[in-house]
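Fold and contact review
Here are the chains, one letter per residue:
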Amino acid sequence: MAEKEKKLDLLSFIIPLKHRPGTDLMSKTILKDKKVINLIVSVLVGNHAINNYISQDGEWLDGKRADVLLVPAINVSESMPPVLIEIQNTLDNAYIHRLNKYCNYVYDKYNNFEPIAFTICIKNIREEICSMFSDTHKASYLKKLPSRFWAKEHLIMTPATIANYIHSNENDEDDSDSDGDSDGNTNSTNNSVNVNDNVNNSNTSNSNTSNTSTSNTNTTSTNSHFLPPLVALGYVLMEQKCSLFGLQYKEDPTVILLYKIAKEALEHQIQNHEATVDTLLEVATETQKQFKRIIEAANEGEPSLKKIRSLARAGVLYTEACLHKYQQQSCDDSDVMTTIVPQKDDIQYAREFKEEYLKNHKRMNWKACYDKGLNEGYFSTYKSHITLKSTFNEVNK
């Protein structure tokens, strides 16, 4: 596809409302991308962190889960601490307490090194929280909250902290349009360079890396209409637009990068995630039905142990089939997990065989069905024609 066609394709791309930037799943997907990790750690940790951080699981034994946890690929150290990132609609006391717990978990897991906590607030901040903000040397579009004893530092980015960059660039565009001379924007351009020194320097020192955001951030130093990359990240998450076309900064290279990541995620990762959830729900529903059948059989006036055993055996076979099918899919690294009930193909084959067989015979021959199906690639999860018959009868009750 030609470059112009790719650009038009991205501009016309519409993200479903439930997956727009700023929502849980899409935000996590964007933040875990290698290019985005680099632009985050280059500012929060330093230039030496570029290409040295990876995303790790942020779930703990009590079920609590952080949005994104970044850790060094080799060893955690004072100069390379864990980075805990949270996307938050409202920044209030309850959230700070929750973040405190998350950071303590990270501290315990990573050899007593306090993490850097980074909160991207999408909407509202309580006034009592705002009153505790202080500046940080890392970037003027970030603020800092006290975090003594639980985090190395707690950095915040909000609509208000990036507003000067957004509005400053709007004014630059107005001046450029009215005067026809971009040289009048020198001061604004210099401001953009200063606040983005961390990212620009890191890109210079890592010009041979695969991080495509490098060229994006370098451009910031020469074009006042490009946002600092971390500001662009916050801007996209806070605006929550379903289309790149709906953004004022749709020409910004970092903004374009983020929508490319979103597009690729929707085409692959997120669809796979939803398919997995659908399959798990289907399997859980079928398993629940089988347990209910067993309970009903046990509660009958004169419960039949034989019937209960038969139902339980069918349930075991069903779960074995599920395990076999999806363990095999996992090993094969299949692109999309099917949403069909795991046994449906086998049962459908048996049903069609039975209908055809009974046209010329009075009784069904399950052994013939089983043998023929095996030769054609079916029934690999069944030990014999007897277990196939039992499961078929249960599914078709």
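Read on for an overview of the structure.

A few words on the overall build of the protein chain. A count of helical and extended segments in the protein chain gives 16 helices and seven strands. Relative to its full complement of 397 residues, the protein chain shows a buried share of 45%. For the protein chain, the proportion of contacts with a sequence separation of at least 24, taken over those separated by at least 6, is 61%. When the accessible surface of the protein chain is split by element, carbon and sulfur atoms take 49% of a total near 21100 Å².

Moving on: the pattern of salt bridges. Enumeration according to the criterion identifies 10 salt bridges in this entry. A salt bridge links Lys143 to Asp135, with the shortest nitrogen-to-oxygen separation between them at 2.4 Å. Accessibility expressed as a relative area gives 22% for Lys143, which makes it partly exposed.

With a phi angle near 55°, Asn111 is a residue other than glycine that sits in the positive phi range. With respect to the element layout, Asn111 can be found in the loop between helix 4 (93-109) and strand 4 (116-125). Residue classification places Asn111 among the exposed residues on the basis of a relative accessible area of 60%. In the Ramachandran plot, Asn112 falls in the positive-phi region, its phi being about 65° despite a non-glycine side chain. Structurally, the position occupied by Asn112 is in the loop between helix 4 and strand 4. Residue Asn112 is classed as partly exposed on the basis of its relative accessible area, which comes to 48%.

Helix 16 (residues 385-395) packs onto helix 15 (residues 366-375) with a crossing angle of 105° between their chain directions and a minimal axis gap of 9 Å. As summarised for this structure, helix 15 and helix 16 are arranged roughly perpendicular, according to the angle between their axes. Touching Trp366, Lys367, Cys369 and Tyr370 of helix 15 are His385, Leu388, Lys389 and Phe392, all from helix 16. A breakdown of the residues in the contact of helix 15 with helix 16 according to their chemical character gives five nonpolar, one polar and two charged.

Here we take up the nonpolar core. Ile40, Phe118, Tyr141, Leu142, Leu230 and Leu233 are the most contacted members of the largest nonpolar core, which totals 55 residues. Counting residues in hydrophobic clusters, the runner-up holds 21 residues, among them Val76, Tyr102, Ile129 and Trp150.

Quick look at the sheet that holds strand 1 (residues 53-56) now. The sheet built from seven strands is open, its strands ordered 1-2-3-4-7-6-5 with mixed pairing. Each edge of the sheet is formed by a strand with only one pairing partner; in this case those strands are strand 1 and strand 5 (134-135). Bridge analysis of strand 4 against strand 7 (residues 153-157) gives five bridges, and the strand direction is parallel. Bridge pairing in strand 7 links Phe118 to Leu155. Along the sheet, helix 3 (residues 34-44) makes contact with strand 1, strand 2 (68-72), strand 3 (83-91), strand 4 and strand 7, crossing strand 1 at roughly 115°. Contacting strand 2, strand 3, strand 4, strand 6 (143-145) and strand 7, helix 4 crosses the sheet at an angle of about 170° to strand 3.

It is worth spelling out the environment of Tyr102 at this point. With respect to the element layout, Tyr102 can be found in helix 4. Judged by its relative accessible area of 6%, Tyr102 is buried. Considering only alpha carbons, one finds Tyr102 and Trp150, 48 residues apart in sequence, at a separation of 9.3 Å. Apart from residues no more than four positions distant in its own chain, Tyr102 is found in contact with Trp60, Lys64, Arg65, Ala66, Leu84 and Glu86. A distance of 3.5 Å separates the side chain of Tyr102 from the backbone oxygen of Arg65, its partner in a polar contact.

As a further point, take the packing of aromatic side chains. Throughout the structure, instances matching the rule amount to nine aromatic pairs. For the pair Tyr349 and Tyr378, a centre-to-centre distance of 4.4 Å together with 25° between the ring planes defines the contact as stacked. One end of the pair, Tyr349, is in helix 14 (residues 344-357); the other, Tyr378, is in the loop between helix 15 and helix 16, and 29 residues separate them in sequence. You can call Tyr349 buried: its relative accessible area is 10%. Each ring, one from Tyr378 and one from Phe379, has its centre 6.3 Å from the other, and the planes form 50°; the classification is tilted. Residue class for Tyr378 comes out partly exposed when judged on its relative accessible area of 27%. Classification of Phe379 by relative accessible area gives buried; the value is 1%. Through a chain of ring-to-ring contacts, the aromatic side chains of Tyr349, Tyr370, Tyr378, Phe379 and Tyr382 assemble into a single cluster.

Of all five residues in strand 7, five are buried, a share of seventy percent or more. In strand 7, alternate side chains face the same way, and those of Glu153, Leu155 and Met157 on one face and His154 and Ile156 on the other are all buried. Alignment of strand 6 against strand 7, held across three bridges, turns out to be antiparallel. Pairing of Lys143 across the sheet is with Ile156, part of strand 7.

Relative to the elements of secondary structure, Ser384 occurs in the loop between helix 15 and helix 16. For Ser384, a relative accessible area of 22% puts it in the partly exposed group. A distance of 3.2 Å separates a polar atom in the side chain of Ser384 from the backbone nitrogen of Ile386.

About the thresholds
- Residues numbered from 1 in each chain as written.
- Predicted model: local features only at pLDDT ≥ 70, side-chain atom pairs only at ≥ 80, totals over all residues.
- Heavy atoms only, no water.
- Helix = DSSP H or I, 4+ residues; strand = E, 2+ residues; numbered from the N terminus.
- Buried < 20%, exposed > 50% of the residue type's maximum accessible area, 1.4 Å probe, protein only.
- Contact = heavy atoms within 4.5 Å.
- Areas by Shrake-Rupley, 256 points an atom, 1.4 Å probe, with all protein chains shown as cover.
- Salt bridge = Lys/Arg side-chain N within 4 Å of Asp/Glu carboxyl O.
- Axes fitted to C-alpha atoms, helices over the stretch in contact; angles between N-to-C directions.
- Parallel < 35°, antiparallel > 145°, perpendicular 65-115°, else oblique.
- Nonpolar A, V, L, I, M, F, W, Y, C, P; charged D, E, K, R; others polar.
- Core = buried A, V, L, I, M, F, W, Y, C linked by side-chain atoms within 4.5 Å.
- Pairing = 2+ DSSP bridges.
- Polar contact = N/O pair within 3.5 Å; in protein donor to acceptor, adjacent residues only side chain to side chain.
- Phe/Tyr/Trp six-rings, centres within 6.5 Å; stacked < 30°, edge-to-face > 60°.

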